[in-house]
Amino acid sequence: MVAVLTLAALGLPSTPVLAQVATGSIVGTVLDTSGQVVPGAQVTIRNVNRNTSTSVVTDQSGAYTAPFLVPGTYEVHVALQGFKAWVRAGIVLQVNDRLRIDASLEVGGLEETTTVV
């Protein structure tokens with residue numbers, strides 16, 4: 001009782017305060033043009049403002065997740081041997097966003113790129 005009164009007198013909350021989240025995430029699935037999942041694709045998420053990158057690899061279901069990204073403008077680049085590289089630019093991520101950016105890879109060489117506008 002004394003502790004609660006002391007906390008109240010100091011203006012401090014008697015319950016824990018949850019931390020604020022100041023990040024967002026980009027998630028998605030990588031498929032080929034026939035709709036089949038593409039595991040093992042390299043997904044690079046680049047923060048255009050800071051020129052920093054996060055790289056992840058798609059799992060067995062073709063899914064990827066890039067959590068804890070600082071808000072800003074991003075570009076997502078997906079590559080896998082035997083497919084054209086895939087790029088989507090101009091992605092604006094804000095605090096608490098969970099943006100879904102799915103990719104569809106076309107058969108071809110890595111030197112070829114499919115850019116989504």
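Look up a bit, the structure's there.
Please read all numbers here as calculations on a predicted model, not as lab measurements.

### Digging into the pairing of strand β5 (residues 72-79)
Now for step 1: By the bridge criterion, 6 bridges tie strand β2 (residues 42-47) to β5 in an arrangement that is antiparallel. Looking at the pairing, Thr-44 lines up with His-77 of β5.
Now for step 2: Bridge analysis of β5 against strand β6 (residues 85-93) gives 6 bridges, and the strand direction is antiparallel. By the bridge assignment for β6, Gly-72 is matched with Leu-93.
Now for step 3: Hairpin connection from β5 to β6: 5 residues lie between these consecutive antiparallel strands, with Gly-82 at a positive phi of about 95 degrees.

### Observations concerning the pairing of β6
Regular strands place side chains that alternate from one sheet face to the opposite one.
Now for step 1: Sheet topology note: the β6/strand β9 (residues 113-116) ladder contains 4 bridges and is parallel. In the sheet register, Arg-88 faces β9, and the bridge partner there is Val-116.

### What to know about the nonpolar core
Now for step 1: By size, the foremost hydrophobic cluster in this structure holds 20 residues, and its most contacted members are Ile-26, Val-30, Val-43, Ile-45, Tyr-64, Val-76 and Val-78.
Now for step 2: Contributions of two or more residues to this core are made by β1 (24-32), β2, β4 (63-69), β5, β6 and β8 (103-105).
Now for step 3: With sequence-adjacent residues up to four places away left out, Val-30 is seen in contact with Gln-36, Val-37, Val-38, Ala-41, Val-43, Thr-58, Gly-62, Tyr-64, Val-78, Ala-103 and Leu-105.

### Considering the sheet that holds β9
Pairing between sheet strands relies on hydrogen bonds along the backbone, with the strands arranged either parallel or antiparallel.
Now for step 1: Taken in spatial order, the 5 strands make up an open sheet running β3-β2-β5-β6-β9, and their pairing is mixed. Edge positions in the sheet fall to β3 (52-57) and β9, since each has one partner strand and no second. Taking each pair of neighbouring strands and ignoring which way they run, the sheet shows an average axis angle of 20 degrees.

### Observations concerning the pattern of salt bridges
Now for step 1: Scanning all chains against the criterion turns up 3 salt bridges.
Now for step 2: One salt bridge connects Glu-106 with Lys-84, and the closest N-O pair in it is separated by 3.4 Å. Residue Glu-106 is found in the loop between β8 and β9, and its partner Lys-84 is found in the loop between β5 and β6; the two are separated by 22 residues along the sequence.
Now for step 3: What makes Glu-106 partly exposed here is its relative accessible area of 30%.
Now for step 4: For Asp-102, the salt bridge goes to Arg-100, with nearest N and O atoms at 2.9 Å.

Analysis parameters
Residues numbered from 1 in each chain as written. Predicted model: local features only at pLDDT ≥ 70, side-chain atom pairs only at ≥ 80, totals over all residues. Heavy atoms only, no water. Pairing = 2+ DSSP bridges. Helix = DSSP H or I, 4+ residues; strand = E, 2+ residues; numbered from the N terminus. Core = buried A, V, L, I, M, F, W, Y, C linked by side-chain atoms within 4.5 Å. Buried < 20%, exposed > 50% of the residue type's maximum accessible area, 1.4 Å probe, protein only. Contact = heavy atoms within 4.5 Å. Axes fitted to C-alpha atoms, helices over the stretch in contact; angles between N-to-C directions. Salt bridge = Lys/Arg side-chain N within 4 Å of Asp/Glu carboxyl O.

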